[in-house]
Amino acid sequence: MGSPLLNVAGVEVSPDHYIDGRRVASAQTFELFSPIDQRLLGHVAEGLDEHVDAAIRAAERAFPAWSALSAAERKPLLDRFAEEIGKRAEALCVVESNDAGVLLSRMRHGVVPRAMLNLTWFAEHALTLQDRTIDTPQAQHLVRHDPAGVVVIITPWNSPLLLSTWKLGPALAAGNCCVLKPPEWAPLTCSLLADAAHAAGLPPGVFNVVQGSGKTTGAKLVSDPRIARVSFTGSVPTARWIAQAAGANLVPCSLELGGKSPFIVLEDADLDNAAATGALMYRNAGQVCLAGTRFLVHERIAPRFIEAMRGYVDRLNIGDPREESTEVGPVIHPRQVERVKAFVDRAVAGGARVLWGGAMHPFGAQYVQPTMLTDVGQQDEIVQNEVFGPVLTLQTFTDDDEAVQLANGTDYGLGGVCYGETAHATAVAQRVRTGFIWVNSFGIRDLAAPFGGIKRSGVGREGGDWSFEFFCDVKDVVVPKKPFRASFSQR
Ligand code: NAD
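Residues numbered from 1 in each chain as written. Predicted model: local features only at pLDDT ≥ 70, side-chain atom pairs only at ≥ 80, totals over all residues. Heavy atoms only, no water.

Examining the overall build of the protein
Looking only at helices and strands, the protein features 15 helices and 22 strands. Taken over the C-alpha trace, the protein has a radius of gyration of 24 Å; the compact-globule value for 491 residues is 23 Å, and the two agree within 12%. When the backbone C-alpha atoms are referred to their principal axes, the protein occupies close to 75 × 65 × 35 Å. For the protein, the residues scored as buried account for 58% of the 491 residues in total. Contacts spanning at least 24 positions in sequence make up 71% of the contacts within the protein whose residues lie at least 6 apart. Accessible surface for the protein amounts to roughly 19900 Å². Of this, 53% is attributable to carbon and sulfur atoms. Placing the 46 positive and 54 negative side-chain charges of the protein at their respective mean positions leaves the two points 6 Å apart. (Helix = DSSP H or I, 4+ residues; strand = E, 2+ residues; numbered from the N terminus. Rg over C-alpha atoms; globule rule 2.2 N^0.38 Å. Buried < 20%, exposed > 50% of the residue type's maximum accessible area, 1.4 Å probe, protein only. Contact = heavy atoms within 4.5 Å. Areas by Shrake-Rupley, 256 points an atom, 1.4 Å probe, with all protein chains shown as cover. Lys, Arg positive; Asp, Glu negative; His and termini not counted. Charge placed at Lys NZ, Arg CZ, Asp CG, Glu CD.)

Okay, structure coming up:
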């Protein structure tokens, strides 16, 4: 028997897990609050050992039949899954906006269409995952991509629907069965995702959702020896823990982690364009892993750039994410607000100067002003560590070499932005050590392209063939061309 549904701004959402094709309540629940106004959204099922075990068993049971289907046979089911997401589009938008504070406008125009595409695109792309043959004089090697087995997916709160489907799409299309653990601060759109999968007719056990805290439910899932892969997006400390737990069973992990990406403005940049893009770094209240958060600006243009960006920041519409015109919403949780404030306080105490912001915004308890700090040193905490809030830093440089040195001078290596005359900016961008970098632009993504970080920003790549490389076992079936006779002198 399922628990009573929650009512989130008029949308009904199950607070239960989804295991083996049905809703499963828990003897323990956790409270969920909205970042918009701290109101209680409801009590959500906590994943206990029995739920983790049941979900993994269900996925194991479903695996033989699901993995035996061809990509062409799985595709209509995944297309229907996407259609069911489409039917729930407005519900997903309203719920994630209330639950995670993501802008309703961004949910409508960006996240929900992308969540659907995450399923349809990978279902289509899986058709190209044909077995390859390598012909040698001795033998034919039939190289297969076999689904790996039970995949555990763990996602963070800053964009749960988008990031969960980004992993689910390729994992399911390749023939794996999945257990998703959504973030405990924003689990509700993943519950709606389970409704969509159910309505689409995904066989029981192919996709399971177990909610709960990372330290208990998540830890139990990733430590289980029955799983074949862990696909994780989140913070560096959690990734270290997961890699160790999964490593004990030699289970491969894909780790998409934090960033401290440079936003370089060269002397020959179009300042107005760069400044307009700069203000975009406050999107989702700065809770975006790939945002350029360290501004590195040529010293000769720095005063003009600062004034241009200040103009855009002053005009940002800060407020309720449910309003279509809002551009910057709340920080996810009171604990995250405290963390962000403490970063700013320590930086200012250490000599940083506030160019703008630096305080709470009057709109509400979880709204932090878009902030820019300067007079910071490369080794300062605020330059080296990810804040994950609307707080940026600005340093100046005198030539390209110094810009590259500053850009590469942290332990992170996720993304970057480089503004300047195109050939010049492209040349500088190529010297920045990150997984990706945008020249005179920001946020252009394609599902076929590789995505991921280097250094502390992650291990592995997602997107296109890279997703399938991770979610599949590659096997070489060797068939000799001439009759084979056993011989001890064989090489
Ligand atoms: P987090 O690491 O605290 O939590 C992420 C997920 O891991 C949550 O679901 C949590 O419950 C779970 N978790 C926590 N401890 C666990 C454990 N011991 N075992 C298993 N699971 C555990 O991260 P967060 O605060 O939710 O998210 C913010 C972080 O995510 C930032 O560092 C951000 O940069 C990063 N992020 C990276 C990308 C990317 O693609 N590179 C995208 C979005 C967010």
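Describing the sheet that holds strand β22 (residues 472–480)
Sheet architecture is open: three strands sit in the order β7-β8-β22, paired in antiparallel fashion. Edge strands, defined here as strands with exactly one partner in the open sheet, are β7 (132–135) and β22. Adjacent strand axes in the sheet meet at a mean angle of 25 degrees when their direction is disregarded. As paired elements, strand β8 (residues 139–147) and β22 share nine bridges and run antiparallel to each other. The partner of Val143 across the bridge, within β22, is Asp476. Against the sheet, helix α15 (residues 464–471) makes contact with β8 and β22, and its axis sits at roughly 80 degrees relative to β22, the strand it touches most. (Pairing = 2+ DSSP bridges. Axes fitted to C-alpha atoms, helices over the stretch in contact; angles between N-to-C directions.)

Quick notes on the domain arrangement of the protein
For the protein, the domain assignment lists domain 1 (6–257 + 457–476) and domain 2 (261–439). Taking the mean C-alpha position of each, domain 1 and domain 2 sit 31 Å from one another. Listed by partner, the interface residues are 25 residues for domain 1 and 27 residues for domain 2. Regarding the contact of domain 1 and domain 2, the summed buried area is about 2200 Å², with carbon and sulfur atoms giving 55% of it. Counting every contact that joins domain 1 to domain 2 gives one salt bridge. Residue Glu324 is joined to Arg108 by a salt bridge in which the shortest nitrogen-to-oxygen separation is 2.8 Å. At the junction of domain 1 with domain 2, the criterion picks out ten residue pairs in polar contact (both at pLDDT 80 or more). Of all the secondary-structure elements, those providing two or more residues to the side of domain 1 that touches domain 2 are α3 (89–100) and α4 (104–125). (Domains from an automatic or database assignment. Buried area = accessible area lost by both parts, 1.4 Å probe. Salt bridge = Lys/Arg side-chain N within 4 Å of Asp/Glu carboxyl O. Polar contact = N/O pair within 3.5 Å; in protein donor to acceptor, adjacent residues only side chain to side chain.)

Section: the packing of helix α7 (residues 214–223) against helix α8 (residues 236–248)
α8 packs onto α7 with a crossing angle of 35 degrees between their chain directions and a minimal axis gap of 8 Å. Residues Ala219, Val222 and Ser223 of α7 pack against Trp241, Ile242, Ala245 and Ala246 of α8.

Considerations on the sheet that holds strand β20 (residues 438–439)
The strand order β16-β17-β18-β15-β14-β19-β20 describes an open sheet built from seven strands, whose pairing is mixed. The sheet terminates laterally at β16 (353–356) and β20, the two strands that pair on one side only. Here strand β14 (residues 261–265) runs beside strand β15 (residues 292–298); their pairing, made up of five bridges, is parallel. In the strand pairing of β15, Ile264 is matched with Leu296.

Concerning unusual backbone geometry
With phi around 55 degrees, Asp375 is a residue other than glycine that occupies positive phi space. With respect to the helices, strands and loops of the structure, Asp375 is situated in the loop between β17 (371–374) and α12 (381–384). The backbone of Phe388 shows a phi angle near 60 degrees, a positive value even though the residue is not glycine. Phe388 gets classed as buried once you look at its relative accessible area, which sits at 15%.

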